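Report on the structure
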Amino acid sequence: QVQLVESGGGLVQAGGSLRLSCAVSEGTFSSYGMGWFRQAPGKEREFVAAISSSGTSTHYADSVKGRFTTSRDNTKNTVYLQMNSLEPGDSAIYYCAAATSVSRWLYNEYDYWGQGTQVTVSS
């Protein structure tokens, strides 16, 4: 089974930055498309960002475009989410996810999920 572990969350003031990491084990990381999602209390889970297995293609939700950047290091089996210019509306639990085929990644369907890491942005 593929295991994903997020880290890097915390408390930050508005305008600050955080970098989340997601370490992947027990799978062929270099073949997985990856995604980032977040969920705030009382709200549905929403898409944040995605990156292809090679790292050559990325996609972002409009709400984070220009502020967040996702990248990956296939030699370390790790995907990153750099979050800049954070806003209180970014507060949520952030999850990384893995898609085990290109088709599923393209359709935003993920097979494995991490446990999440809390991001809190104060005003």
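Definitions and limits used
Residues numbered from 1 in each chain as written. Predicted model: local features only at pLDDT ≥ 70, side-chain atom pairs only at ≥ 80, totals over all residues. Heavy atoms only, no water. Buried < 20%, exposed > 50% of the residue type's maximum accessible area, 1.4 Å probe, protein only. Core = buried A, V, L, I, M, F, W, Y, C linked by side-chain atoms within 4.5 Å. Helix = DSSP H or I, 4+ residues; strand = E, 2+ residues; numbered from the N terminus. Contact = heavy atoms within 4.5 Å. Pairing = 2+ DSSP bridges.

**Topic: unusual backbone geometry**
Of note, S85 is a non-glycine position whose phi angle comes to about 50 degrees, a positive value. Look at N108: it is not a glycine, yet its phi comes out positive at around 60 degrees. Residue class for N108 comes out partly exposed when judged on its relative accessible area of 36%.

**Section: the nonpolar core**
Among the nonpolar cores identified, the biggest contains 29 residues, and M34, W36, L81, M83 and Y94 are the most heavily contacted of them. Counting only elements with at least two residues in this core, the list comes to strand 3 (18-25), strand 4 (33-39), strand 5 (46-51), strand 8 (78-83), strand 9 (92-99) and strand 11 (117-122). Excluding anything up to four places from it in sequence, M83 contacts G16, S17, L18, L20, R67, F68, Y94 and V119. Grouped together as the second largest cluster of nonpolar side chains are six residues, A50, A99, W105 and Y110 included.

**Some remarks on the pairing of strand 3**
Summarising the sheet, strand 1 (residues 3-7) and strand 3 pair through five bridges and their orientation is antiparallel. Pairing of V5 across the sheet is with A23, part of strand 3. Here strand 3 pairs with strand 8 via six bridges, running antiparallel. Across the sheet, the residue bridging to L18 is M83, located in strand 8.

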